[in-house]
Amino acid sequence: MPHRPTPDDTRAPWRAAVLTLFPEMFPGPLGHSLAGQALEAGLWSLTTHQIRDHGLGRHRAVDDTPAGGGAGMVMRADVIAAAVDAARADVGNSLPLIYMSPRGEPFTQAIAHELANGPGVMVLAGRFEGVDQRVIEARNMREISIGDYILSGGELAAMVVLDACVRLIPGVIGSAESLAHESFETGLLEHPLYTKPREWEGRSIPEVLLSGDHKRIAEWQEAEARRITTLRRPDLLRGR
Ligand code: SAH
């Protein structure tokens, strides 16, 4: 039977507020599958806040040329501050403010847990070359990067962070069990997975998984997780 998320009445829904020039991109992928069902069930809520509403002049300008010269445009501190302050007036002051940025701390499962355990997040999605440094400091933004590459805007990055957080909210995923063994949760990459059919294109499922011996199965899974982590991500083992 498919899992149907149900709201936990003792807990206020986790709240996501996104500041963006492209609110129409949301919920996008977050409106589907797990995150989408949880959104519908009221386990979390999502609001978007159009930065351009705080733009300047007839053209509602949000950016200007970089001080010191150089290519591209920079999002203005005054405009971003006005957008942040207005969003805070709407949704309250309790949400940590995150600026998606390739210069930020690398996003990890540990950060996803930290954020999912809080009241929610307010996320600023940058565009152009990024945001004036002064507003990052003045509004105490936590900079988070989703990886060592450059996207054309922060919206996809914000969706990545929100998706990773939302699936950790209690009630979103059926059993806590299915979370516990996942890559990164144990400090190891996950062991290989198999399902039916038993034989496929001459390949069979490892015998031990069909043995019904739960102890041997757990040992095999742990050994495989270790083998694959050693091979692919030895850096993960050093912290253990
Ligand atoms: N000039 C910047 C890149 C700007 S990319 C630099 O060299 O560092 C435009 C926007 O996309 C950024 O403001 C940020 O919000 C978003 N972005 C791009 N890559 C990202 C990444 N790896 N992680 C998080 N956000 C990213």
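Regarding the side chain of Asp 132
Take Asp 132: it is sitting in the loop between strand S6 (120–124) and helix H4 (133–138). A residue is classified by how much of its surface remains accessible, and Asp 132, at 16% relative accessible area, is buried. In this view, Asp 132 contacts Val 74, Met 75, Arg 76 and Ala 77; residues no more than four positions away in its chain are not counted.

So, the site of the ligand
Near the ligand there are 19 residues, and of these Tyr 99, Met 100, Glu 129, Gly 147 and Tyr 149 occur at the shortest range. Residue Glu 129 places a main-chain N or O atom 2.9 Å away from a nitrogen atom belonging to the ligand. Within the backbone of Gly 154, one N or O atom sits 3.4 Å away from an oxygen atom of the ligand. Judged by the fraction of its atoms near the pocket grid, the ligand is located in the largest pocket. Counting only elements with at least two residues in the shell around the ligand, the list comes to strand S5 (97–106), strand S7 (142–145) and helix H5 (154–166). Grouping the constituent residues of the shell around the ligand by class yields 10 nonpolar, eight polar and one charged.

Points about the domain arrangement of the chain
Where interface size is quoted, it is often the accessible area lost as the parts come together. In terms of domains, the chain is made up of domain 1 (14–166) and domain 2 (181–237). Averaged C-alpha coordinates put domain 1 and domain 2 at centres separated by 37 Å.

So, the sheet that holds strand S2 (residues 44–50)
Taken in spatial order, the five strands make up an open sheet running S2-S1-S6-S5-S7, and their pairing is parallel. At either end of the open sheet lies a strand with only one pairing partner, and these are S2 and S7. Neighbour-to-neighbour, the strand axes of the sheet open up by a mean angle of 35°, direction not taken into account. In this sheet, S7 lies alongside S5 in parallel orientation, the contact comprising five bridges. Each residue of the ladder has a partner; that of Tyr 99, found in S7, is Glu 143. Strands in contact with H5 are strand S1 (14–20), S2, S5 and S6; relative to S1, the strand with the most contacts, it is inclined by about 175°.

Some words on H5
Taking 1.5 Å of rise per residue, the 13 residues of H5 would be expected to cover 18 Å, and the 18 Å separating its terminal C-alpha atoms lies within 8% of that figure. Buried residues dominate H5, accounting for 10 of its 13 residues. Among all positions in H5, only Gly 154, Glu 155, Ala 157, Ala 158, Met 159, Val 161, Leu 162, Ala 164, Cys 165 and Val 166 are buried. Against the buried residues of H5 lie S1, helix H1 (33–40), S2, S5, helix H3 (109–116) and S6.

With respect to a nonpolar patch on the surface
On the surface, Tyr 149, Leu 151 and Leu 156 cluster together into a nonpolar patch covering about 300 Å² of accessible area. Tracing the chain through its elements places Tyr 149 in the loop between S7 and H5. Residue Tyr 149 is classed as partly exposed on the basis of its relative accessible area of 44%.

Things to note about the side chain of Thr 20
Residue position: Thr 20 is located in strand S1. Look at Thr 20 and you get buried, because its relative accessible area is 0%. In this structure the side chain of Thr 20 is engaged in a polar contact, spanning 2.7 Å, whose partner is the backbone nitrogen of Phe 22. At a separation of 2.6 Å, a polar atom in the side chain of Thr 20 contacts the side chain of Glu 155. Contact partners of Thr 20, with chain neighbours within four places excluded, come to Phe 26, His 49, Gln 50, Ile 51, Ala 125 and Glu 155.

Conventions adopted
Residues numbered from 1 in each chain as written. Predicted model: local features only at pLDDT ≥ 70, side-chain atom pairs only at ≥ 80, totals over all residues. Heavy atoms only, no water. Helix = DSSP H or I, 4+ residues; strand = E, 2+ residues; numbered from the N terminus. Buried < 20%, exposed > 50% of the residue type's maximum accessible area, 1.4 Å probe, protein only. Contact = heavy atoms within 4.5 Å. Near = heavy atom within 4 Å. Polar contact = N/O pair within 3.5 Å; in protein donor to acceptor, adjacent residues only side chain to side chain. 1 Å grid on protein atoms, 1.4 Å probe; cavity = no way out; pocket = protein on both sides within 12 Å on 5 of 7 lines; lining within 4 Å. Sits in = over half its atoms within 2 Å of the grid points. Nonpolar A, V, L, I, M, F, W, Y, C, P; charged D, E, K, R; others polar. Domains from an automatic or database assignment. Pairing = 2+ DSSP bridges. Axes fitted to C-alpha atoms, helices over the stretch in contact; angles between N-to-C directions. Expected span 1.5 Å × (residues − 1). Patch = residues over 30% accessible without salt bridge, like charges linked within 9 Å, V, L, I, M, F, W, Y side chains within 5 Å. Areas by Shrake-Rupley, 256 points an atom, 1.4 Å probe, with all protein chains shown as cover. Salt bridge = Lys/Arg side-chain N within 4 Å of Asp/Glu carboxyl O.

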